[in-house]
There are 2 protein chains.
Amino acid sequence: MNTNFDIENFILDFSNSCQKKQKKVFSKNEVVTTYIKNRNQLCILLDGNADLVRYDLNGNRTIVEHFSKNALFGEVFYTITTNNELLVEAKSNCTVLFYSYDDIFHKCRNNCKFHQTLSENLPQLILNKVTDLNMRIELLTKRSTRDKLLGYFSLLSTRKLSTSFELPFSLTDLADYLSVDRSAMMRELKLLKEDGFIEKIGNRITLLYK
Amino acid sequence: MNTNFDIENFILDFSNSCQKKQKKVFSKNEVVTTYIKNRNQLCILLDGNADLVRYDLNGNRTIVEHFSKNALFGEVFYTITTNNELLVEAKSNCTVLFYSYDDIFHKCRNNCKFHQTLSENLPQLILNKVTDLNMRIELLTKRSTRDKLLGYFSLLSTRKLSTSFELPFSLTDLADYLSVDRSAMMRELKLLKEDGFIEKIGNRITLLYK
DNA sequence: TATTTTCCGTTGCAAAAGCAACACATTATG
DNA sequence: CATAATGTGTTGCTTTTGCAACGGAAAATA
């Protein structure tokens, strides 16, 4: 299976070859896009970091997804319902490509190489997204704040192939990502340190268990 | 966009035309498959109901996904990690098609019509799965048991286009699906009835609000 | 550099959720 | 049909989590 389709080089090579896309630059805290009505938008984050955020009726903020370089996002992945306000917020300066899923899927008339390669690799790209979402679901189904934290840390540790890693979030944002109260999470973090599970220096976590 | 690709008729027409699949029948409570090692398995549930279930180290059971007719599932959607035991359990008698994702993606030598149609429609099928998973994430990020219940009910109500609907789960399973304690959920269900949000007769829920 | 804004770390108290146990109903099974 | 297994409904108690508030640190901004 072509799990290692190299989206990075692919995008570098072809990002200027197709007419049917828009490339835009955003600065920190700008709204990249909103998921309000169905327009089959599919986006690729070329550079920077961004979060997909939802504000619910109780005023809670949830970071639904965190995007870094080469992430795929857009309202095409969502069934839009009215009681949702989904925003993609730039967490740093960002460069984003905007496509219409229809255009990608049906290819543009020019039959440009970008489209050809993209549509060939689209199943794999979307499949990668599915595995990401499944990891997120695994985190969210953990029953306690402690397990969510440990689960998330273990995931980052696996990705970095190291027991020591930087958090990609502020602690405030981490709480919104794990869907827990910030102060309760801070309390639990303290307990994890006291119980010798982790060490935390600034934004860097080191796992001490196992 | 081809959102309405009719997987049902498609499968009926072509399910016997390709050599590279296995069709198996399961009876209630049998294990359909386990997600243990990577073998790029992709399955289609032709008939019946099944749950993807995880048992964690604390003995908690989580229903990760609930599958009904024509659902796509399989370990190809997961990044397998060792601290996971994922099982697909038949909740009723089931008929399941088993594929290798590689075979689907690269097409079989026969170039059978099934494969051709399937691989053409694969992005759409996987995309549907992404939107399902996103709905699940939305549910799981709700902060309280009450909001999870109301969110799930509203989802079922939208699907059935009616304020009244049958639960596809036993209450025990519903708790495992919403990732909450069963007795706490029962308590909340009672409160929802008392507060006039819902009516519950047997397995049928009616929404009374709005 | 001064000042504003955001983030971190903490705490007491209140509310929610989990745990354990039980009786009873319903559904499978020999 | 008898019996076992599973699901429902409930409750008292404990633990966890959320809420609100605050002071100080760090970072952004004027």
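Here the structure is a predicted model, which means the values were calculated and not measured.

Q: Describe in detail the sheet that holds strand E3 (residues 41-47) of chain A, supporting the description with residues and values.
A: All names here are of chain A. Spatial ordering of the open sheet is given by E1-E8-E3-E6, a layout of four strands whose pairing is antiparallel. Because the sheet does not close on itself, it has two edges, and the strands there are strand E1 (22-26) and strand E6 (72-73). Relative to E6, E3 is paired through two bridges, and the arrangement is antiparallel. Across the sheet, residue Ile 44 finds its bridge partner in E6, namely Leu 72.

Q: Describe the pairing of strand E7 (residues 86-90) of chain B, naming the residues involved and giving the relevant values.
A: Residue and element names in this part refer to chain B. Of all five residues making up E7, five are buried, and the element is well covered by its neighbours. Of the two faces of E7, the one carrying Leu 86, Val 88 and Ala 90 and the one carrying Leu 87 and Glu 89 are both buried. The pairing of strand E2 (residues 31-35) with E7 spans four bridges and is antiparallel. Across the sheet, the residue bridging to Thr 33 is Val 88, located in E7. By the bridge criterion, five bridges tie strand E4 (residues 50-55) to E7 in an arrangement that is antiparallel. Across the sheet, the residue bridging to Ala 50 is Ala 90, located in E7.

Q: Give me the relation of the copies chain A and chain B: which residues, what numbers.
A: Each copy superposes on the other: chain A lies on chain B with an RMSD of 0.0 Å after a rotation of 180 degrees and an axial shift of 0.0 Å. The symmetry that links the two subunits is that of a two-fold axis. Identified as the residue of chain A closest to the rotation axis by C-alpha distance is A:Pro123, at 2.4 Å. Of the residues that chain A buries at the interface, 100% are likewise interface residues in chain B, meaning the two copies contact each other through the same surface.

Q: Describe the sheet that holds strand E10 (residues 198-201) of chain A, with residues and values.
A: All names here are of chain A. Spatially, the three strands line up as an open sheet ordered E9-E11-E10, and their pairing is antiparallel. Here the strands that pair on one side only, and so sit at the sheet edges, are strand E9 (164-166) and E10. When the angles between neighbouring strand axes are averaged without regard to direction, this sheet yields 20 degrees. With four bridges joining them, E10 and strand E11 (residues 204-207) adopt antiparallel strand pairing. Looking at the pairing, Glu 199 lines up with Thr 206 of E11.

Q: Tell me about the protein's contact with DNA strand D, and please be specific about residues and values.
A: Neighbouring residues of DNA strand D: 19 residues in total, closest A:Ser144, A:Thr145, A:Asp181, A:Arg187 and B:Lys190. Note that a phosphate oxygen of DNA strand D is positioned 3.0 Å from one of the backbone N or O atoms of B:Thr172. Among the secondary structure elements, those contributing two or more residues to the surface near DNA strand D are helix H6 (182-194) of chain A together with helix H5 (171-178) and helix H6 (182-194) of chain B. Taken together, the residues of the surface near DNA strand D break down into four nonpolar, six polar and nine charged.

Q: Could you give an account of the nonpolar core, with specific residues and numbers?
A: Burial of nonpolar side chains together is a common tendency in soluble globular proteins. Counting residues in each nonpolar core, the largest one holds 75 residues, and the members touching the most others are A:Phe73, A:Phe77, A:Val96, B:Phe73, B:Phe77 and B:Val96. If we skip the residues at most four places from it in the chain, B:Val96 touches B:Gln22, B:Lys23, B:Lys24, B:Phe26, B:Val32, B:Cys43, B:Ile44, B:Leu45, B:Leu46 and B:Phe73.

Q: Please provide a residue-by-residue account of helix H4 (residues 145-160) of chain A, values included.
A: Residue pairs spaced three or four apart in an α-helix point in one direction, given the helix's 3.6 residues per turn. Residues and elements named next belong to chain A. With 16 residues, H4 should cover 22 Å at 1.5 Å per step; its first-to-last C-alpha distance of 23 Å lies within 8% of that length. Looking at H4, one finds that the buried residues are Arg 146, Lys 148, Leu 149, Leu 150, Gly 151, Tyr 152, Phe 153, Leu 155, Leu 156 and Ser 157. Summarising the contacts, the buried residues of H4 are in contact with helix H3 (113-140), E9, helix H5 (171-178), H6, E10 and E11. In the stretch just after H4, Leu 161 is the one whose phi turns positive, near 55 degrees.

Conventions we followed
Residues numbered from 1 in each chain as written. Chains lettered and ligands numbered in written order. Predicted model: local features only at pLDDT ≥ 70, side-chain atom pairs only at ≥ 80, totals over all residues. Heavy atoms only, no water. Pairing = 2+ DSSP bridges. Helix = DSSP H or I, 4+ residues; strand = E, 2+ residues; numbered from the N terminus. Buried < 20%, exposed > 50% of the residue type's maximum accessible area, 1.4 Å probe, protein only. Least-squares fit on C-alpha atoms with pLDDT ≥ 70 in both. Contact = heavy atoms within 4.5 Å. Axes fitted to C-alpha atoms, helices over the stretch in contact; angles between N-to-C directions. Near = heavy atom within 4 Å. Polar contact = N/O pair within 3.5 Å; in protein donor to acceptor, adjacent residues only side chain to side chain. Nonpolar A, V, L, I, M, F, W, Y, C, P; charged D, E, K, R; others polar. Core = buried A, V, L, I, M, F, W, Y, C linked by side-chain atoms within 4.5 Å. Expected span 1.5 Å × (residues − 1).

Just distances and angles here, no functional claims.
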